[in-house]
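Working through the structure, step by step
Here is what each chain is made of, one letter per residue.
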Amino acid sequence: MLVSAKDMLNKAREGKYAVGQFNINNLEWTKAILLTAQENNSPVILGVSEGAGKYMCGYKTIVGMVNGMIEELNITVPVALHLDHGSYEAALKCIEAGFSSVMFDGSHYSIEENIEKTTELVKITNEKGLSLEAEVGSIGGEEDGVVGAGEVADANECKQIADLGVTMLAAGIGNIHGKYPANWKGLAFDALEEIKAATGNMPLVLHGGTGIPAEMIQKAISLGVAKINVNTECQLAFSEATRKYIEAGKDLEGKGFDPRKVLAPGFEAIKATVKEKMELFGSINKA
Ligand code: 13P
């Protein structure tokens, strides 16, 4: 059964580890992440961007697929199905479709409008026992066609949004989606400390988990980060494994590529990447 991310994140914040959010794009990615979580007794959050939602034939299809896998694969660790960087409208659609968690990314609105829309969603998610992630200070880089400038969030604005009663808060601290440029200055830990002081026990979310050095991840967790999002790293691992398989050209005779075989190395590569992240985030055996 899908669960809200609330309990797993509060436990992570208290226990000083983080739960990974791994974005899904198809059946193989979803199965790889769920199996890795189960094998390592780790809670997990499956992230779905609006673009991935469209690709996978809509939110209802995804809910059906994930619930089916949880049952058929005997997944007993806590799993949250979470909309990643959603608009207000997408959040409502996911709630209706059966997601257990949503992110409303109001970071591109004025703080007043972000507060207004987040307040509405706090009410709706609370009534249904779902978790809600809000965002202050946009995350840099490009994801699904949405380009963010990469800001450092204002601690006061973070407090205003946290006080609305959201479950978790994504605050920009110089993190960006995708690969980090060679001249990246690193995470803004002074800003993270201020945000933590202003928001108290609120579990904080670190987006752009790909390519952040291990020491920075650990320091971020020690300063209140309880959820870390990873997408690009799984994509790179999947691409490399698939490229090698195709270049080896084994199945080109006869019937051509067997779709099950061609995706198998990428599936294994995602499993290995997810396990490595769970080790780094400290979520193994925390289910
Ligand atoms: P990366 O693609 O950089 O891992 O970031 C993922 C993310 O933050 C999804 O919201």
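Scope of this entry: the structure provided in the associated data block. Note that the structure is a prediction, hence the values are computed from the model and not measured.

The rules behind the values
- Residues numbered from 1 in each chain as written.
- Predicted model: local features only at pLDDT ≥ 70, side-chain atom pairs only at ≥ 80, totals over all residues.
- Heavy atoms only, no water.
- Helix = DSSP H or I, 4+ residues; strand = E, 2+ residues; numbered from the N terminus.
- Rg over C-alpha atoms; globule rule 2.2 N^0.38 Å.
- Buried < 20%, exposed > 50% of the residue type's maximum accessible area, 1.4 Å probe, protein only.
- Contact = heavy atoms within 4.5 Å.
- Areas by Shrake-Rupley, 256 points an atom, 1.4 Å probe, with all protein chains shown as cover.
- Pairing = 2+ DSSP bridges.
- Right-handed = clockwise from strand over helix to strand, strands pointing away.
- Core = buried A, V, L, I, M, F, W, Y, C linked by side-chain atoms within 4.5 Å.
- Near = heavy atom within 4 Å.
- Polar contact = N/O pair within 3.5 Å; in protein donor to acceptor, adjacent residues only side chain to side chain.
- Nonpolar A, V, L, I, M, F, W, Y, C, P; charged D, E, K, R; others polar.
- Axes fitted to C-alpha atoms, helices over the stretch in contact; angles between N-to-C directions.
- Phe/Tyr/Trp six-rings, centres within 6.5 Å; stacked < 30°, edge-to-face > 60°.
- Lys NZ or Arg CZ within 6 Å of the ring centre and 35° of its normal.

Focus on the overall build of the protein
When helices and strands are counted, the protein shows 12 helices and 10 strands. Computed over the C-alpha atoms, the radius of gyration of the protein is 18 Å, within 12% of the 19 Å expected from 2.2 N^0.38 for a compact globule of 287 residues. Seen through its C-alpha atoms, the protein measures out along the principal axes to roughly 65 × 45 × 35 Å. Counting all 287 residues of the protein, 55% fall into the buried class. For the protein, contacts bridging at least 24 residues in sequence account for 71% of all contacts bridging at least 6. As presented, the protein carries roughly 12,800 Å² of accessible surface, and 51% of it is formed by carbon and sulfur atoms.

Let's talk about the pairing of strand β5 (residues 131-136)
With six of six residues buried, β5 is to be regarded as a mostly interior element. Side chains S131, E133 and E135 project from β5 onto one buried face, and the interleaved L132, A134 and V136 project onto a second face that is buried too. Bridging between strand β4 (residues 101-104) and β5 involves four bridges; their strand directions are parallel. Opposite S101, over in β5, you have S131 as the bridge partner. Chirality of the crossover, the property in question, places the unit of β4, helix α6 (residues 111-128) and β5 among those that are right-handed. Pairing analysis gives four bridges linking β5 to strand β8 (residues 168-171), with the strands arranged parallel. Directly across from E135, in β8, lies its bridge partner A170.

Thoughts on the nonpolar core
Residues I62, V79, L81, F99 and L206 are the most contacted members of the largest nonpolar core, which totals 78 residues. With seven residues, helix α4 (residues 59-72) is the largest single contributor of residues to this core. Not counting the four nearest positions on each side in its chain, L206 is found in contact with I173, N175, L187, I212, I217, A220, V225, K227, I228 and N229. Among the nonpolar cores identified, the runner-up in size contains 13 residues, and A5, L9, V205 and A226 belong to it.

Quick word on the site of the ligand
Taken together, 14 residues lie around the ligand, and D84, G208, T210, N231 and T232 are the ones closest in. Contacts to the ligand include N231, whose backbone N or O atom sits 2.8 Å from an oxygen atom. At 2.5 Å, a side-chain N or O of T232 approaches an oxygen atom of the ligand. For the ligand, the accessible surface in isolation is 310 Å², of which the surrounding protein chains cover 99%. The set of elements that each furnish at least two residues to the shell around the ligand consists of β3 (79-86) and β10 (225-230). Partitioning the shell around the ligand into residue classes produces one nonpolar, 11 polar and two charged.

What about the sheet that holds strand β1 (residues 19-23)?
If you walk around this closed barrel you meet the eight strands as β1-β2-β3-β4-β5-β8-β9-β10, and the pairing is parallel. In this sheet, neighbouring strand axes are inclined to one another by 25 degrees on average, regardless of whether the strands run parallel or antiparallel. Of the pairings in the sheet, the one linking β3 to β4 comprises three bridges and is parallel in character. The residue of β4 that forms the bridge with L83 is V102. Along the sheet, α4 makes contact with β2 (44-49) and β3, crossing β3 at roughly 155 degrees. Taken strand by strand, helix α7 (residues 155-162) contacts β5 and β8, and its axis lies near 160 degrees from that of β5.

Considering the packing of aromatic side chains
The full count for this structure, using the stated rule, is six aromatic pairs. Judged by centre distance (5.6 Å) and plane angle (85 degrees), the ring pair of Y59 and F99 falls under edge-to-face. Of the two residues, Y59 is situated in helix α4 and F99 in the loop between α5 (88-97) and β4; the sequence distance between them amounts to 40 residues. We note that Y59, like F99, is buried. Consider the rings of Y245 and F257, whose centres lie 6.2 Å apart with planes at 45 degrees: the pair is tilted. Of this pair, Y245 sits in helix α10 (residues 232-248) while F257 sits in the loop between α10 and α11 (259-262), placing them 12 residues apart in sequence. The buried category is assigned to Y245, whose relative accessible area is 10%. In this structure an aromatic cluster arises from ring pairing among Y88, F104 and Y109. Cation over ring: K286 sits above Y17, and NZ or CZ is 4.6 Å from the ring centre.

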